[in-house]
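# Close look at the chain arrangement
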Amino acid sequence: MIGKKIGTGRTAEVYEWSDNQVIKLFYPSVSPEEAQREYEVQCLLQEEVPFCAEVYGLLKVEDRLGILYEKVHGESLSSMIFKNPDQIMRYAQIMADTHKSLHSIDFSRLPSLKEALGHIIHHSSHLEERTKEMVLEVLFALPDGEAICHMDFHPENIYLSGERVTVLDWMTAAKGHPLADVARTEMILKYAVIPGVPEDLKDQMSVAREELLSGYHETYFPEGISVEDAGLLKSFETVLLATRLSENLPAVEVSEIKKELLRQLEETMS
């Protein structure tokens, strides 16, 4: 039976279901195909990825589809950072090491990331046609890959319980180049607007995010990033800024992303 709500996200709410299970209930705006895709991807991934919660089934509760998951214990990385800001570099290292381990796994059965990004850009209502053409030109020049890319890898989706690390929300998982996934994570840390943050905490949070980004980047690239990879990372960020606009974002974030996207495209095309 559905219990109390324990989480709210962009596409769904999470409720208690039993002592050891939770249900992720998608909003009515999420299509059955999207819910089915997440369920199927999760079933595939739990065979290969040590960071996944167990998945038990896809079911309907009244008029909403839901996925039944293992109840993950512990706390999110974002909660732990807030409670222990002096430990932020250790959390950044855990985050980067987990991401690198994930990227060491090739998984050809997942959908192509480049194809998914191209589809989002082509159908975006937030981009002018000329902007779409420029972004697609950048995308088509980028390499593909077979690595597992989570594509929403950030502290709110990473849970720690003792030595166990669990990564949640695999809805956008695909196969692709690891640097695309790194670029997505770094873009979120740089630009994402967190709603409801009190004014007196905004500066503190901004500093914490910069420290987390720096620690993550330095751990992921322990010997420094090569010139070639730095260029790829920047190009992937340009593409991902464009696709980010198709998400349900606060107006202030939309404005910042549009400005940064146009700046990067001008720099790329000059």
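Keep in mind that this is a model prediction, so the values were computed, not measured.

## Digging into the sheet that holds strand β8 (residues 158–161)
- Ordered in space as β6-β8-β9, the 3 strands form an open sheet in which the pairing is antiparallel. The strands lining the two open edges of the sheet, one partner per strand, are β6 (75–76) and β9 (164–167).

## Some words on the sheet that holds strand β3 (residues 21–26)
- The sheet built from 5 strands is open, its strands ordered β1-β2-β3-β5-β4 with antiparallel pairing. Each end of this open sheet is capped by a strand with a single partner; those strands are β1 (5–8) and β4 (55–61). Geometrically, the sheet is characterised by an average inter-axis angle of 25° between neighbouring strands, direction not taken into account.
- Of the pairings in the sheet, the one linking β1 to strand β2 (residues 12–16) comprises 3 bridges and is antiparallel in character. The partner of Gly7 across the bridge, within β2, is Val14.

## Some points on the side chain of Glu186
- By the element assignment, Glu186 lies in helix α6 (residues 178–191).
- For the buried residue Glu186, which engages in no salt bridge, the nearest side chain bearing the opposite charge is Lys190, 5.2 Å off.
- Of note is the side chain of Glu186, whose polar atom sits 2.7 Å from the side chain of His217.
- Ignoring anything within four residues of it in the chain, the contact list for Glu186 reads Leu213, Tyr216, His217 and Leu233.

## Topic: the pairing of β8
- The alternating pattern of β8 places Ile158 and Leu160 on a buried face, while none of Tyr159 and Ser161, on the opposite face, is buried.
- The sheet contact formed by β6 and β8 spans 2 bridges and is antiparallel. When the sheet's bridge partners are listed, Ser76 is paired in β8 with Tyr159.
- As paired elements, β8 and β9 share 4 bridges and run antiparallel to each other.

## Digging into the confidence of the model for the chain
- The pLDDT averaged across the chain works out to 93; a share of 97% of its residues lies at or above 70.
- For the chain, per-element mean pLDDT is lowest for helix α7 (residues 199–220), which scores 88, and highest for helix α8 (residues 227–244), which scores 98.

## Here we look at unusual backbone geometry
- Residue Met151 is not a glycine yet carries a positive backbone phi of 70°.
- Mapped onto the fold, Met151 is located in the loop between β7 (147–149) and β8.
- Its identity as a non-glycine residue notwithstanding, Asp169 has a phi of 65°, on the positive side.
- Among the structural elements, Asp169 can be located in the loop between β9 and β10 (174–176).
- We classify Asp169 as partly exposed; its relative accessible area is 25%.

## Digging into the environment of Ala208
- Looking at where Ala208 falls in the secondary structure, it is placed in helix α7.
- Of the residues examined, Ala208 reaches a relative accessible area of 23% and is grouped as partly exposed.
- For the pair Ala208 and Phe82, spaced 126 residues apart in sequence, the C-alpha separation works out to 8.8 Å.

## Some points on the pattern of salt bridges
- The full count for this structure, using the stated rule, is 20 salt bridges.
- Linking Arg109 and Glu47 is a salt bridge whose minimum nitrogen-to-oxygen distance equals 3.3 Å. In this pair, Arg109 is assigned in the loop between α3 (88–103) and α4 (113–122) and Glu47 in the loop between α1 (32–45) and β4, connecting sequence segments 62 residues apart.
- Among the ionic contacts, a cluster of salt bridges with common partners joins Asp152, Arg184, Arg244, Glu247 and Glu253.

## Regarding the packing of α4 against helix α5 (residues 129–140)
- Contact geometry of α4 with α5 gives a least axis separation of 10 Å together with a crossing angle of 175°. Considering the angle they form, α4 stands roughly antiparallel to α5. In this structure, α4 contributes Lys114, Leu117, Gly118, Ile121 and His122 to the contact, and α5 contributes Lys132, Val135, Leu136, Leu139 and Phe140.
- Across the contact of α4 with α5, the residue classes break down as 6 nonpolar, 2 polar and 2 charged.

Reading guide: rules and limits
- Residues numbered from 1 in each chain as written.
- Predicted model: local features only at pLDDT ≥ 70, side-chain atom pairs only at ≥ 80, totals over all residues.
- Heavy atoms only, no water.
- Pairing = 2+ DSSP bridges.
- Helix = DSSP H or I, 4+ residues; strand = E, 2+ residues; numbered from the N terminus.
- Axes fitted to C-alpha atoms, helices over the stretch in contact; angles between N-to-C directions.
- Buried < 20%, exposed > 50% of the residue type's maximum accessible area, 1.4 Å probe, protein only.
- Lys, Arg positive; Asp, Glu negative; His and termini not counted.
- Salt bridge = Lys/Arg side-chain N within 4 Å of Asp/Glu carboxyl O.
- Polar contact = N/O pair within 3.5 Å; in protein donor to acceptor, adjacent residues only side chain to side chain.
- Contact = heavy atoms within 4.5 Å.
- pLDDT = per-residue confidence, 0-100.
- Parallel < 35°, antiparallel > 145°, perpendicular 65-115°, else oblique.
- Nonpolar A, V, L, I, M, F, W, Y, C, P; charged D, E, K, R; others polar.

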